[in-house]
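A look at the structure
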Amino acid sequence: MNQNLREDADRIISASLRAVLPDEAVRRALADFRPSGGRTLLVAAGKAAWQMAKAAVDALGQVDGGVVVTKYGHSMGEIPDVRCCEAGHPVPDENSFHATEQALELVTGLTAEDSVLFLLSGGGSALFERPLISGEELQNITKQLLASGADIVEMNTIRKRLSGVKGGRFAQACAPAQVFSVVLSDILGDPLDMIASGPACPDTSTCRQAQAVAEKYNLRLSAQARALLGKETPKELPNVVTRITGSVRELCAAAEKQCRILGYEPVLLTDRLCCEAREAGSFLASIVKTHAGSGRKLAFIAGGETVVHLTGTGLGGRNQELALSAAPGIAGIPGAAVFSVGSDGTDGPTDAAGGYVDGGTLAALKDKGLDVFGVLGENDAYHALKAVEGLVMTGPTGTNVNDVAVALLNAAGT
């Protein structure tokens, strides 16, 4: 491993994540929050829910009750007058369902003078859920979608129609109370109705689109689930005001700034990366090869969210798979590295945030008896990267604004 490049990568990752923590972003959004004079209740859902809720309560001084539901390991302590719950992600579990019921009980029977502060971040589609079918079938459909390679918009188009809170239905449950929604975006282009499947946003997707997704991926659905795909979601929610705060653009800008501080010439390739993880890794490696003889110190940045089409039974995530896919392309190039991280600190069903490879990774894997293409075929990037110290470990970060991938090239090879 090129230790200097790895240290640069760690500095870029750390600076990027610090820049997109939700604390200040939530405080800015609350400048527009005007409670109606009755009770103020707080509901937060998503992988950044705890940190968003903590920032909101600190800013407001107190709330009259609240529920937070976040991913296991993402709750960092008690918040006054707020129940903090942890649940399953990326597949909802019984704790997801139970915590969501607590949130619905909290907002039952409100008046027009009451206010609900709804804090939403990525991951809410799994964490915040009241299934309209059996929990077991919902879990099965979620697993089918994850394995199919469906993108997040396609997944959420289906999930909205199988849920009692998604697609604007949570905001309906709060009426006539006013809902002030603060959203930390994890979807490219910030489509409000798709972020965590839009519990407090009018739905722009249609039944026909949902049915087309089910047909495209040949989803196995019960008759009840198929019937729900034909039931329309709310298209107007007059009791909701929404503020978006934070996005992948800020994550990329922070990476760009830190690269410049470290002496690299940063090039932002895109903040809307949305292809197969393996394709993205191969593409970044090809860019490195193009510029390998330039004599320059370059950093190529791509933000967004790739997908993985499962072909094996290994362990990994889209960022680890992206990084590992770049290893053959940059093999033997001095001063070349590719890394990719999820801003929430967890990549797929693992404890890693992402992966790192450099010009020596392929040889190191071969020394361990590991074939990159075989590993990728089994979707087992986690164990391969662990074997060569290529995992990026940050722990839960408290934010969630997509992923950032960076290809570094130091022509001096240091």
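Everything here concerns the structure above.
Let me sum up the structure you'll find in this document.

What counts and how
- Residues numbered from 1 in each chain as written.
- Predicted model: local features only at pLDDT ≥ 70, side-chain atom pairs only at ≥ 80, totals over all residues.
- Heavy atoms only, no water.
- Axes fitted to C-alpha atoms, helices over the stretch in contact; angles between N-to-C directions.
- Helix = DSSP H or I, 4+ residues; strand = E, 2+ residues; numbered from the N terminus.
- Parallel < 35°, antiparallel > 145°, perpendicular 65-115°, else oblique.
- Left-handed = near helix turned anticlockwise from the far one by under 90°.
- Contact = heavy atoms within 4.5 Å.
- Pairing = 2+ DSSP bridges.
- Right-handed = clockwise from strand over helix to strand, strands pointing away.
- Buried < 20%, exposed > 50% of the residue type's maximum accessible area, 1.4 Å probe, protein only.
- Nonpolar A, V, L, I, M, F, W, Y, C, P; charged D, E, K, R; others polar.
- Lys, Arg positive; Asp, Glu negative; His and termini not counted.
- Salt bridge = Lys/Arg side-chain N within 4 Å of Asp/Glu carboxyl O.
- Polar contact = N/O pair within 3.5 Å; in protein donor to acceptor, adjacent residues only side chain to side chain.

Next up on the list: the packing of helix α1 (residues 3-19) against helix α11 (residues 248-261). Two numbers describe how α1 lies on α11: the axes approach to 8 Å, and their chain directions differ by 140 degrees. Between α1 and α11, the angle falls in the class oblique. Crossing hand, α1 versus α11: right-handed. Counted together, Arg11, Ile12, Ala15, Ser16 and Ala19 of α1 and Leu251, Ala254, Ala255, Gln258 and Cys259 of α11 form the full contact between these two elements.

Our next topic: the environment of glutamine 320. On the secondary structure map, glutamine 320 appears in helix α13 (residues 318-330). On a C-alpha basis, the gap between glutamine 320 and leucine 408 in space is 16 Å, while along the polypeptide they are 88 residues apart. Those residues in contact with glutamine 320, other than ones at most four positions away along the chain, are Asp347, Thr350, Ala352, Gly354, Gly355, Ala381, Tyr382, Leu385 and Leu391.

The next point concerns the pairing of strand β7 (residues 265-273). In this structure, β7 lies alongside strand β8 (residues 297-304), joined through six bridges in parallel fashion. Considered in β8, the bridge of glutamate 265 is made with leucine 298. Considered for its hand, the β-α-β crossover made up of β7, helix α12 (residues 277-291) and β8 is right-handed.

With respect to the helices and strands, leucine 60 occurs in helix α3 (residues 49-60). Take leucine 60: its relative accessible area is 33%, and that puts it in the partly exposed class. Sequence-distant contacts of leucine 60, that is, excluding residues within four places in its chain, are made with Leu30, Phe33 and Leu117.

Our focus in this paragraph is the packing of α12 against α13. At their nearest, the axes of α12 and α13 sit 7 Å apart, and the two run at 40 degrees to each other. Once α12 is placed against α13, the crossing between them reads as right-handed. Residue-level contacts link Ala277, Arg278, Ala280, Gly281, Ser282, Leu284, Ala285, Val288 and Lys289 of α12 to Arg318, Glu321, Leu322, Ser325, Ala326, Gly329 and Ile330 of α13. Residue composition of the contact of α12 with α13, grouped by class: eight nonpolar, four polar and four charged.

Along the chain, the position of lysine 71 falls in strand β2 (residues 66-71). Buried charge without a salt bridge: lysine 71, with aspartate 344 as the nearest opposite-charge side chain at an N-O distance of 4.9 Å. A distance of 2.9 Å separates the side chain of lysine 71 from the side chain of threonine 346, its partner in a polar contact. In this structure lysine 71 touches Gly46, Lys47, Glu86, Ala87, His89, Leu127, Thr346 and Gly348, once residues within four positions along its chain are discounted.

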